[in-house]
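# Examination of the molecular architecture
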Amino acid sequence: MAERRGNWDMAEDDLPVYLARPGTADQVPRQKYGGLFCNVEGAFESKTIDFDALSVGQRGSRTPRTAKRETGFDARNPAYDNKSCSGEKRGLDSPQLEIRASGGKEVLQNMRDVKSDRLLIKGGRIVNDDQSFHADIYMEDGLIKQIGDNLIVPGGVKTIEANGKMVIPGGIDIHTHFQMPYRGTTTVDDFAQGSKAALAGGTTMIVDHVIPEAGSSLMEAYDQWRQWADEKTCCDYSLHVDITHWNDSVKQEVDNLIKDKGVNSFQVYMAYKDYYQMSNSELYEVFTFLAERGGIAQVHAENGEIIAEEQARMLQMGITGPEGHVLSRPEELEAEAVFRAITIASQTNCPLYVTRVMSKSAADIISLARKKGNVVFGEPITASLGTDGTHYWSKNWAKAASFVTSPPLSPDPTTPDYLNTLLSSGDLSVTGSAHCTFSVAQKAIGKDDFTQIPEGVNGVEERMSLIWDKAVTTGKMDENMFVAVTSTNSAKILNLYPRKGRIAVGSDADLVIWDTDSIRTITAKTQQSAAEYNVFEGMELRGAPLVVICQGKIVLEDGNLHVTPGVGRFIPCSPFPDFAYKRVKARKQLAVLRAVPRGMYDGPVSEFSMSRGGTPSASARTSPTKQPVRNLHQSGFSLAGNPAPCGPPTPDDIPIRPAGRRIVVPPGGRSNITSLS
Amino acid sequence: MVERQRQRGRQKSRQASILFVGLGKPPSLVEDIMSDCRRQWNREDELPVYLAGPITTGPNQRKTYGMFSSVEGAFESKTIDFDNYAVGRKGSRTPRSRSQERVLDTGDPTGKMPSEAREESLTNSPGERDDRRPGVEVIYSSGNESPNGKSERLLIKGGRVVNDDQSLYADVYIEDGLIKQVGENLIVPGGVTVIEANGRMVIPGGIDVNTCLMKPFLGTQPVDDFLQGTKAALAGGTTMIIDHVTPQPGDSLLEAFERWQEAADKKASCDYSLHVDIPEWNETVKDELELLVQEKGINSFQLYMAYKDLYQMTDSQLYEALSFLKKLGAVVLVHAENGDLIAQEQRKILGMGITGPEGHPLSRPEELEAEAVFRAITLGNRVNCPVYITKVMSKSAADTITQARRKGSVVFGEPITASLATDGSHYWSKNWAKAAAYVTSPPLSPDPTTPDHLNTLLSCGDLQVVGSAHCAYSISQKAIGKDDFTLIPEGTNGVEERMGFVWDKAVAMGKMDENQFVAVTSTNAAKIFNLYPRKGRIAVGSDADIVIWDPENIKTITSKLQQSASEYNIFEGLECRGGPVLVLSQGRVVYEEGKLQAQQGTGRFIPRKPFPDYAYQRIKFRNQVKGKQGVIRGMYDGPVYDVIPTPKYITPAPSAKTSPTSHQPPPIRNLHQSNFSLSGAQTDDNVPRRSGHRIVAPPGGRSNITSLG
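Since the structure is predicted, the reported quantities are computational estimates derived from the model, not experimental observations.

Our focus in this paragraph is the sheet that holds strand β11 (residues 331-335) of chain B. All names here are of chain B. Within the open sheet, the seven strands sit side by side as β7-β8-β9-β10-β11-β12-β13. Their pairing is parallel. In the strand order of this sheet, the two ends are held by β7 (206-211) and β13 (411-415), each with one partner. In this sheet, adjacent strand axes meet at a mean angle of 25° when their direction is disregarded. As judged from the four bridges shared by β11 and strand β12 (residues 387-392), these two strands associate in the parallel manner. When the bridges of β12 are listed, V332 appears paired with V387. Each of β12 and β13 touches helix α16 (residues 395-406); the most contacted strand, β13, lies at about 155° to it.

On to the pattern of salt bridges, then. Using the criterion set out here, one finds 62 salt bridges over all chains in the structure. K500 of chain A is the partner of D236 of chain A in a salt bridge, and the nearest nitrogen-oxygen pair spans 2.6 Å. Separated by 264 residues along the polypeptide, D236 of chain A in strand β11 (residues 236-243) and K500 of chain A in the loop between α19 (479-493) and β16 (511-521) bring together distant segments of the chain. As far as burial versus exposure is concerned, D236 of chain A and K500 of chain A are alike and both buried. When the shortest N-O distance is used, the salt bridge between D543 of chain B and R604 of chain B registers 3.5 Å. Pair noted here: D543 of chain B is in the loop between α22 (514-528) and β14 (546-556) and R604 of chain B is in the loop between β17 (595-596) and α23 (613-625), with a separation of 61 residues, a long-range link. What makes D543 of chain B buried here is its relative accessible area of 4%.

As a further point, take the pairing of β7 of chain B. Residues and elements named next belong to chain B. The buried fraction of β7 is high, at six of six residues. Of the pairings in the sheet, the one linking β7 to strand β8 (residues 238-245) comprises four bridges and is parallel in character. The partner of D208 across the bridge, within β8, is I241.

Residue and element names in this part refer to chain A. Averaged over every residue, the pLDDT of chain A is 79; residues scoring 70 or more account for 73%. A low-confidence stretch, residues 1-94 stays under pLDDT 50, and its non-local contacts, those more than four residues away or across chains, total 108 contacts. The model gives residues 104-115 a pLDDT under 50, and that stretch makes 16 contacts with residues more than four places away or in other chains.

Here the focus is helix α13 (residues 360-372) of chain A. Between its first and last C-alpha, α13 of chain A extends 18 Å over 13 residues, near the 18 Å set by a 1.5 Å rise per residue. Of the residues making up α13 of chain A, those classed as buried are S361, A362, A363, I365, I366, S367 and A369 of chain A. Where α13 of chain A is buried, its residues touch α12 (331-348), β14 (352-357), β15 (376-380) and α16 (415-425) of chain A together with α15 (366-383) of chain B. Positive phi shows up at G373 of chain A, right after α13 of chain A, with a value of about 105°.

What follows is about unusual backbone geometry. Residue and element names in this part refer to chain B. Of note, the amide linkage connecting S441 to P442 takes the cis form, showing an omega dihedral of -15°. With respect to the secondary-structure elements, P442 resides in the loop between α18 (432-437) and α19 (450-459). One non-glycine residue, N530, lies in positive phi territory at about 65°. By secondary structure assignment, the location of N530 is in the loop between α22 and β14.

Turning to the confidence of the model for chain B, a few remarks are in order. Residues and elements named next belong to chain B. Residues of chain B with pLDDT of at least 70 account for 70%, and the chain-wide mean is 78. Under a pLDDT of 50 for its full length, residues 143-150 has, in the predicted model, seven contacts with residues more than four places off or in other chains. Ignoring residues within four places in sequence, the model shows residues 647-667, a span with pLDDT below 50, making 39 contacts including any to other chains. Interface confidence for the predicted complex, expressed as ipTM, amounts to 0.72; the pTM equals 0.74.

Bringing the sheet that holds strand β10 (residues 203-210) of chain A into the picture now. Residue and element names in this part refer to chain A. Spatially, the seven strands line up as an open sheet ordered β7-β10-β11-β12-β13-β14-β15, and their pairing is parallel. Bordering the open sheet on either side are β7 (171-176) and β15, each of which pairs with just one other strand. The average angle at which neighbouring strand axes cross in this sheet is 25°, direction not considered. The sheet contact formed by β14 and β15 spans four bridges and is parallel. Bridged to V357 within β15 is P380. Lying over the sheet, helix α9 (residues 280-293) contacts β11, β12 (265-269), β13 (296-300) and β14, oriented at roughly 175° with respect to β12. Seen against the sheet, helix α18 (residues 463-472) touches β7 and β10 and runs at an angle of roughly 110° to β7.

Cut-offs used in this document
- Residues numbered from 1 in each chain as written.
- Chains lettered and ligands numbered in written order.
- Predicted model: local features only at pLDDT ≥ 70, side-chain atom pairs only at ≥ 80, totals over all residues.
- Heavy atoms only, no water.
- Pairing = 2+ DSSP bridges.
- Helix = DSSP H or I, 4+ residues; strand = E, 2+ residues; numbered from the N terminus.
- Axes fitted to C-alpha atoms, helices over the stretch in contact; angles between N-to-C directions.
- Contact = heavy atoms within 4.5 Å.
- Salt bridge = Lys/Arg side-chain N within 4 Å of Asp/Glu carboxyl O.
- Buried < 20%, exposed > 50% of the residue type's maximum accessible area, 1.4 Å probe, protein only.
- pLDDT = per-residue confidence, 0-100.
- Expected span 1.5 Å × (residues − 1).

Structural data, given as C-alpha cells:
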C-alpha cells in the first residue's frame, strides 16, 4: 500500500497536466463509492492511462445523450403496457437505455453461442442496500469483474447504456413452491414456467421449498427436487427443506443436508394437524438441533389444533365455500403461533424465520420480539403486501378460491399498508412470494369443502414491482431499503452474501436495470405464470425491470424474455450465516447457566410415594447428583449461628423410611445446613 | 381533613336524629314495613306540620349514599329510640377511652404487633390519646351474652364503611350473621354488642380466590389443612377462601369434590367454596362437570397447560373444554405455562447438573408463562369464553393480559401475594431450605421490579383479583426434591399476608385507593365467581363478613408469629403496613387485636351459580353478534381435477367425506353466466396441460359460473 501511494504520486507527475487533473480528481472521490466490495485492487492505476475512454468524453459527463439513439422500445411486448414510453415524452423523461453490441458479429439474441460473454453497463446508478452511486459495471463469465468509472474493458463487449437508471442486484425470491406435488398433481407453474415468471419480474434467484411426504426420506425428496430444478430452471436457485416429521433418522438427514448438500434452512409446521404439524416438544428439539448445526429454523406459524376445531365447526355450520377458509383461520391463530415459535426459539437460542406473515397482529408480534432482542425474521409475501382477504367473499367461486393460501390473507383492508410500513422500518426483513399456483380445475377439488382447496397464490412475477409501488413510490421506503428487502437480506440469511444480493466486484452478475416510472396493469392474460387467475388482477403497478441480467446474460430486454431452461445452477448455502448467528453465538457464550454451590441438604425428608401424582419428573430416578461429592470446605455451615462442630459426615443417601410421614434424622445428629431462623 | 369531615357528618346526623323524634315505629316492625313504606310516606299530610317538613328532606339527602346504603324505610323507625338517644351514644363519636374496659390488654402474646406496643404505651398518657386515632373497642352491653353466642347481634359504630365504589360513614348492624342495617342512627334492640370503630375503615372481608389446603403431592398433604389455613386467613382479614379441588388423572371429579367438601366442612373456620381442577378431558368428565355445575354449586374449573404427561391438555382438548364449560356458564381458570417446553428445559438443566431450587426458575422462564397466557387468551377468544389466568407471576404475562384486555378479550388476571410482595432472587439462596420455600409454579420472577409492576397493573384494573395460592409444605416435605428440583413440592404461603401486602405495596404507596383495595381483595372476586353481593360488599342483606382495617398497623412478618404451620415464611423480615384490627366472620368476632377465636367447622360451603354477569354478560352479547354466514353462490360446475382418493399430500380435512353440501340436490344452473372458457386469452399455450392431468368436464359441457374475465 505504501509503495503504491508512492507510485501514484510519481505517476501523476509524469503525466501531462491536462490529463492528470481530470484523472486524479475523479479517482479520489471514486474511492468512497464502493466500500469494501467496490473495486478490484489496483484497478485505479490502469485506468488513468485509458486515453481512448477519456477522449470520447464518457467519464464525468453524465448528462443524458438522448438525441443520437435508436431505441428498441417499439418492439415492446404488449404484456408491458408501458405508459411512460409515448414517443414525445421520452426526450423529457430520463432517457431510455440502449444496448450496443460493439462488434457487429455478436448478435444479442444468440448470446449463448458466445463462450464468455462480456457486458458493460455504462452510466447506471448502482443501488446497493447501503448506498447508491454512479459507476459502470463490467461483467465477464457471469461475474462482476470491475466497477467504477473509466473501466478498461477488452474489445468486443456488449455495452448497455443505462443512462442514469437504477441498476440493482437481481431480486431473490426466498419462498416459492414450483412444481409442488399435491395429491397426485403438481402446481401449474413448474420450475421452467416459474423461473421464467421470476425473471420477467426482476427476480434472478429463487429459493424453493422441498416438501417431503410425511414419513419419507428428506434426502430422497431433496434429490427429487434437485433433479426437477436442474432440468428446468432458468435462473439460479437454492432450496429450503421442510421437516415434516421428526425422529432420529430425520435428524441424521438434516445433519447431512447441512454438511454436504448446501441447505441451511429448514421449515417446520405448526399447522396441518395430523400431517405436518409438530408438537411443542418436537419444535424444541428441532430448534435445538438446528441451533447447534447453524441452520435457520423457518416456521409456518398457525395453531393447527384450533384450526382443526374451527374447520369442523365451520363445516358443521354449513359454510363450505372459500370464505370458510379465512373464517376458520382467524389471524389470532397466526399471531398465537408466531408468539409461541418465538418463545421456543428464544429458549433454544435459535434464529427464527417466520414464513408468510399475513396479518397485522402476527407482524406486530415479530416487531415486538425484535424490540426485545429476539433473533427473528419476518417474511411478508407479495399477496399480503398487495391485496387483502375481502375477496374470499367473492360470489365467483373460482376467484375466491384463487386467494386461498395459508395463513389466509387478512380480511382487514388496511393490512397491506401496515405490512409495507413494517417492511420499510426493518421490522420485517425479507419478502417472498410463496408462489404456488393451481389451476381453477385443481382448486375445484375443494368445491364442496373449503378444507380441500389446494392452497397457494401467485406472486413471483409481481413481487418486485409491487413493493416498489406500495412502499417506495408511497415514500415509505428508499431505494436502498428496497434492495435490502427484495434481495440483500435474503442473501444474508441464506449466507450467499456477497455473492448474491450485492453489486460488487466478484459477485454474480445478476443485475436488474430498474425503471421507476413504467406503469403496467397486472392481468392474468399477460403474465408468465400458467395460472388462469392472478390475485392482483387489475392492479396498476409503477416500477418494473427494464433489463434483467442473469448469470451475466441478458434475459429480459425490451419486454422480451430470452430464457433457457436448465441453465439455473444450484447455489449451496453454508451454515452459520453471520446475519443470524453472530448474535446467537455471542449469547451462547453469555448464557451459561450455573448451579448454586450449596452444602448438601441433610435435614429431615418426609416420606413420599412416587406412584402417582406430583410434578412431572423425567429423571427422578436418575438424578445426576445421586452420589454427590461432599464439599468439605463448605461443611462448616451450621444451624442458627452456632458454629458447633459439624457432626461426622452424614451418609450421602439418607434412607427413606416407610412409616407415614416420619421425619428422618441423620445418624450424626441435627447438623443440617438449613437454618430455620 | 378527615377529622373535619367527620365533624360535619356528626353534626348532620345529630340534626337529623333530633328532627326524627316523635315519628316512627317499634324496631320489630322494620321488616314488615318494607313493602308498604312508600304508602306510609304519602300519608305525610296527616303529620303535624313541624315534623312533616324536615322528614321529607332528610331521606332525600341521605339517598345520595347509593342503592345499597340503607334498608328502605329504616329511617322512620329510628327516631323513636329514645333510650338510645338519651344516653348520648348516637351522634357523639368522640372517643371515650377511659370509660371502657379494654379488651386490648388481654391480647395474645403471640399476636403482639409493634403497633400494639405503641398503642399500649399511648394509653399511659391519656391526655394525648384523644388527639390520636383511637383503637377499636368492643363493648358488651350485657354481660350475659358471650361473644360466641348463638344469635349474635353486633353493632359497629362510627366506622367508615368502604365498599369498592364509595366510602361513607355509617353504622352497621348485624344479626344472625347477616348485615341487617347500614346507616346512621340505627335502631337496634337491646343487648347488642357494640363495636366502636372510631372512624376506622370497615371493609368487606377478604376473599382469597386461590388456596390449596389439601393438594396432595406424592402422598403428602400440605401442613396447612383447612383448619390451619382458614385460621391464617382470618388472622389476615380474609373471611372466605376458594380452595382448589385437585383430583388426579383417573379420579372421579365428583368424588374428589365430596372428599374436599367433607374435609372442609369438618375443619374450615370461615366460609369457603371450591374450584375443581380438571386433570384430564374425556366424556365422563363432561357428565361430572354438568353435575357439579347444576347440582353442586361449582362454577369454576381449572385447566392446566403445564405438567406434561400429568395434567397438561393439548390445544384441542383445551378448545373442547372451553367450549363445553362456556355452555355450562362456568369460569375457566387456566394454569398458564407451556408444559412441553418446561419438560424439555427441565431435562436440559438436570443434564447440566443443576439440581437445586435455582433450576426451578431456570427451567420455567417467564416467556413460557407469557406464551401460555397468550395462547389461553387466543383460545378464549375463539371459543368466546371468559378466561381467568391464575397466578400471574411475571411482567410479561401481566402485559399480555393487559394487551388482550385492550383488544376487548374477556380475561381476568390473578396475581398472588408472593408475586406482589417478593421476587425470585431467593432461589439462588445458599440456604437450600430457604430457596426451596419459594418454589411455586409459575415461579417468582427473578426480576426484582416485578412486584412493583404487578401492583401498578392491579391498581389500574388490568389485573383484577388477588389470591394467595397458599399451599404450605414443611421443609421436610420440600426436601423430597433435595436432589432434583422437579420433585420439590410447589407452593408458597400467603393467605395470611395477602391483604396486608396489597395495602402496603399498593395503597400505602399511593398507587391504589381504598375502594380499589376492597375491589381487588374482595369485591371483584365475588363478582367473577358469582358471590356478589352476598360476599364482597357491606350492604343490607350481605353476609356479615367484615373487617375493621387499620392502615397504620405496622408489623414485621415472621414465621414465628404466623398462624400457618409451616416453618418458613417467604416474606420473613418484611415490614407490612396495614392490617386487620377486628375480623367478623358470619357475624361473629373471630379475630380481635391479635387474638384469634376461630372455631373449627363453622365454615359453610357457599354454592355458586353459573353465568356470573361480571364475566358472561359481554359473552352473551358477543354470541348474538358473532353469527357467521357463508356466501351464497351458485354451485361451481367448472372442471374439477381428478384426485387420487387416498390423500397423500394434503391440508387437514376432518370431514371430507361428510361435507354437508355433497348430498344436496343438484343446483340450478345459471345459464346466463355460462361463458366460461379455459384456454381463452392465453398467449402462452404450450404450458399447462401435461399428460396425467385429467380434467373432468361436466357432462353438460363447459357451462359453468366461473368466469375468468
